[in-house]
Amino acid sequence: MDANQLVDDLAKLFPQFEAEWYESTEGEPWSHTLHAVWMSFAPFCRGYLESATKRDQIKFCKLINQHVSEGGNSENAVSTCLLEHASQIGIRTLVRKHLSPEAKLELR
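Residues numbered from 1 in each chain as written. Predicted model: local features only at pLDDT ≥ 70, side-chain atom pairs only at ≥ 80, totals over all residues. Heavy atoms only, no water.

## Comments concerning the environment of asparagine 76
How we decide: Under the scheme used here, helices are H or I runs from DSSP no shorter than 4 residues and strands are E runs no shorter than 2 residues, and both carry numbers assigned from the N terminus. Each residue gets one of three labels from its accessible area relative to the maximum for its type: buried under 20%, exposed over 50%, partly exposed in between, using a 1.4 Å probe on protein chains only. By the convention used here, residues are in contact when the closest approach between their heavy atoms is within 4.5 Å. By the criterion applied in these results, polar contacts are pairs of N or O atoms within 3.5 Å in which, for protein atoms, one can donate a hydrogen and the other can accept it, and in which residues neighboring in sequence qualify only through two side-chain atoms.
Mapped onto the fold, asparagine 76 is located in helix α5 (residues 72–81). Residue asparagine 76 is classed as partly exposed on the basis of its relative accessible area of 34%. Here the alpha-carbon distance between asparagine 76 and glutamine 66, two residues ten residues apart in the chain, equals 12 Å. Residues contacting asparagine 76, with those up to four places away along its chain left out, are His35 and Cys81. A polar side-chain atom of asparagine 76 sits 2.6 Å from a polar atom in the side chain of histidine 35.

## What about the packing of helix α1 (residues 3–13) against helix α3 (residues 34–51)?
Applicable threshold: Here the axes come from fitting lines to C-alpha atoms, over the contacting stretch only for helices, and the angles between their N-to-C directions go from 0 to 180 degrees. Throughout, the term roughly parallel applies to angles under 35 degrees, roughly antiparallel to angles over 145, roughly perpendicular to angles from 65 to 115, and oblique to all others. Helix crossings are classified by the rotation of the near helix relative to the far one: an anticlockwise turn of less than a right angle makes the crossing left-handed, while a clockwise turn makes it right-handed. Throughout, the ten residues Ala, Val, Leu, Ile, Met, Phe, Trp, Tyr, Cys and Pro are labelled nonpolar, Asp, Glu, Lys and Arg are labelled charged, and all others, Gly among them, are labelled polar.
As a packed pair, α1 and α3 sit with axes 8 Å apart at the nearest point and diverge in direction by 25°. Taken together, the axes of α1 and α3 are roughly parallel relative to one another. Every pair of crossing elements has a handedness; the one defined by α1 and α3 is right-handed. Listed contacts from α3 to Ala3, Leu6, Val7 and Leu10 of α1 are Leu34, Val37, Trp38 and Phe41. Of the residues assigned to the contact of α1 with α3, the class counts are eight nonpolar, no polar and no charged.

## A few points about the packing of helix α2 (residues 16–24) against α3
Contact pair α2 / α3: the axes reach a minimum separation of 10 Å and the direction vectors enclose 150°. Here α3 runs roughly antiparallel to α2, going by the angle between their axes. As α2 runs across α3, the sense of the crossing is right-handed. On the side of α2, the interface is formed by Gln16, Phe17, Glu20, Trp21 and Ser24, while α3 contributes Ala36, Val37, Ser40, Phe41, Phe44, Tyr48 and Ser51. Its residues assigned to classes, the contact of α2 with α3 shows seven nonpolar, four polar and one charged.

## Thoughts on the confidence of the model for the protein chain
As a reminder of what qualifies: Confidence of the predictor at the level of single residues is given by pLDDT, which spans 0 to 100.
Scored by pLDDT, the protein chain comes out at a mean of 93, with 95% of its residues at no less than 70. When pLDDT is averaged over each helix and strand of the protein chain, the minimum, 87, is found for α2 and the maximum, 98, for helix α4 (residues 54–70).

Here you go:
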């Protein structure tokens, strides 16, 4: 998966992220990496998840699981930029029960 697809996937679940992403990238969003997308998303993640439906929360966790199972850069980006900081950003309890065993290994 590339950064463009990740932005699209996150914006489908959390439409307000698209505006945050474009603002943070100053109009050049497509030149960034998966790591940059997850880092931009992380500060808003808790608010998005708390206002999301249970169905969208589960879809979000499936997206995380997909990135972890892909391995390589996809796994590294979601793990280092989101899962390893889940407690700090207040999402650990919101996502834990819907994560795959692989993803839970990266959860902090």
